[in-house]
Amino acid sequence: MINIKVPGKLYIAGEYAVVENGFPAVVTTINRFINLSIKESSEQHGTIFSKQYQDTPLSWIRDKNQVNLINHTDSLDYVLSAIHVTEKFLIENHIQLKNFDLVIDSQLDNGDGKKYGLGSSAAVTVGVVKVLCAFYNFKIDRLTLFKLAALAHYNIQGNGSLGDIAAIAYTGWIGYHSVNRDWLEKQNQKSLLPLIQQNWPDLKIETLTAPSDLKLLIGWTGIPASTSHLIKEVKAYHEANYQDFILKSKDCVSKLIEGFKKQNLALIQKEINTNHHLLNNLGKLSGVEIETPKLKRLIEIANNNGGSAKTSGAGGGDCGIAIFNKNDNYKNVIQEWKKNNIIPLQLSIYQEEILS
């Protein structure tokens, strides 16, 4: 039996603009996980058991070297896509395929099926790629892990920046410049090896180190949001103001990344505030509710207590973040969040040992 875990993610800055080719975002991973276990099957078929979506394991058979569920369910689309992409890559590396039993157990919701907005589809995609490579004893580096998971995820979702995939593949704080999706869509996936081995246009992933005095607080509104739906709504807004937004976001996030590199907490907080105002204005101009009343209150409370705060991800629900100096008295923020039915999540940054 092989067991692995992959973390959830949080967007810190750069949302919406990062869906444009080559535009930057800062993303991090937190210590709440999807756990995956895999073992070789003793039967002529395998099983997949996702505990959040199934009561019992679902059987699969292999048809022309591809895993196919006997009874298909949309809830496993990302899982199946990750299996198909990874095993195709392994075949091209002359690996003999085997039947397996896969179990997936997620901590990225609140126990009632409500997601926190911590990137569950991205985490399960990265996790399946990672656990399969471990199962076949095939070592990959973080960039290859990202590329395989990115292909699998994009094949299902069809939009988004893939920054969540990058964060979960690398873990910790990262600066991410989004791959050129126009180029990616034109690539022939009949043979994966050349695609995985070549440089991907506009893609840049760099690990960052947070200043030692940085304290990150995370508040959950209790209202799940649909990232892909919100992205489509904002993307439909193609006036000059949108172009102004993405250019200002690029400048803001570039300065934010410099703040991490220079270990300058004041600069980081300044650019978090800038990004908040940019996103808030984008929501007003496009008619998309990025900052819900609860998220607005979350941000107000943090700002009134000396922090810098904003929505995390596409907004419309899910989480907000606040950055403080750890020496400040931020406990009042937690209490005020609770009084306003905002749930403080007891999370911290998760950094995995480097694969290679």
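Given the structure is predicted, the values throughout are model-derived calculations rather than measurements.

Calculation notes
Residues numbered from 1 in each chain as written. Predicted model: local features only at pLDDT ≥ 70, side-chain atom pairs only at ≥ 80, totals over all residues. Heavy atoms only, no water. Helix = DSSP H or I, 4+ residues; strand = E, 2+ residues; numbered from the N terminus. Rg over C-alpha atoms; globule rule 2.2 N^0.38 Å. Buried < 20%, exposed > 50% of the residue type's maximum accessible area, 1.4 Å probe, protein only. Contact = heavy atoms within 4.5 Å. Expected span 1.5 Å × (residues − 1). Axes fitted to C-alpha atoms, helices over the stretch in contact; angles between N-to-C directions. Parallel < 35°, antiparallel > 145°, perpendicular 65-115°, else oblique. Left-handed = near helix turned anticlockwise from the far one by under 90°. Nonpolar A, V, L, I, M, F, W, Y, C, P; charged D, E, K, R; others polar. Phe/Tyr/Trp six-rings, centres within 6.5 Å; stacked < 30°, edge-to-face > 60°. Lys NZ or Arg CZ within 6 Å of the ring centre and 35° of its normal. Polar contact = N/O pair within 3.5 Å; in protein donor to acceptor, adjacent residues only side chain to side chain. Core = buried A, V, L, I, M, F, W, Y, C linked by side-chain atoms within 4.5 Å.

Right, let's talk about the overall build of the protein chain for a bit. Secondary structure summary: the protein chain contains 11 helices and 12 strands in total. The C-alpha radius of gyration computed for the protein chain amounts to 20 Å, which stays within 12% of the reference 21 Å derived for 356 residues, consistent with globular compactness. Split into buried and exposed, the 356 residues of the protein chain put 56% on the buried side. A fraction of 75% describes how many contacts in the protein chain between residues 6 or more apart in sequence connect residues 24 or more apart.

The end-to-end C-alpha distance of helix H1 (residues 77–92), which contains 16 residues, comes to 23 Å, matching closely the 22 Å that a straight helix rising 1.5 Å per residue would cover. Restricting attention to buried positions, one finds in H1 the residues Val79, Leu80, Ser81, Ala82, Ile83, Val85, Thr86, Glu87, Phe89, Leu90 and Glu92. Phi turns positive one or two residues past the end of H1, at His94, with a value near 65°.

Think of two packed helices as two axes; the pair is described by the angle between the axes and how far apart they sit. Put simply, helix H2 (residues 120–135) and helix H4 (residues 163–170) touch, their axes get as near as 9 Å, and they point 50° apart. Of the possible angle classes, the one that applies to H2 and H4 is oblique. In this structure, H2 crosses over H4, and the sense of that crossing is right-handed. Between H2 and H4, the residues in contact are Ala122, Ala123, Thr125 and Val126 and Asp164, Ile165, Ile168 and Ala169, respectively. Classifying every residue of the contact of H2 with H4 by side-chain character gives six nonpolar, one polar and one charged.

Looking now at the packing of aromatic side chains. Using the criterion set out here, one finds 11 aromatic pairs in the structure. Grouping aromatic residues by their ring pairs yields a cluster made of Trp60, Phe100, Phe135 and Tyr136. Positioned over the ring face of Phe33 is Lys5, at 4.3 Å from the centre of the ring. Sitting over the ring of Phe23, Lys250 keeps its end group 5.1 Å from the ring centre.

Between H1 and H2, the least distance of the axes is 9 Å, while the angle of their chain directions is 35°. The handedness of the crossing between H1 and H2 comes out as right-handed. Judged by residue contacts, Tyr78, Val79, Ala82, Ile83 and Thr86 of H1 engage Ser121, Val124, Thr125, Val128, Val129, Leu132 and Cys133 from H2.

With respect to the element layout, Ser106 can be found in strand S6 (residues 100–106). Ser106 sits 163 residues away from Gln269 along the chain, and the two C-alpha atoms are 32 Å apart. When neighbours within four sequence positions are excluded, Ser106 is seen to be in contact with Phe33, Ile34 and Gln52. Side-chain polar atoms of Ser106 contact the backbone nitrogen of Leu108, separated by 3.0 Å.

All right, on to the environment of Thr47 then. With respect to the secondary-structure elements, Thr47 resides in strand S3 (residues 46–50). Here the alpha-carbon distance between Thr47 and Ser348, two residues 301 residues apart in the chain, equals 34 Å.

With that settled, the discussion passes to the nonpolar core. In this structure, Phe100, Leu102, Val128, Phe146, Tyr176 and Trp200 are the most contacted members of the largest nonpolar core, which totals 91 residues. It is H2 that provides the largest number of residues to this core, a total of 10 residues. With near-sequence residues (within four places) excluded, Phe146 lies in contact with Leu162, Ile165, Ala166, Ala169, Tyr170, Tyr176, Trp200, Leu203 and Ile205. Judged by nonpolar contacts, the second largest core, of 14 residues, contains Phe245, Cys252, Leu278 and Ile290.

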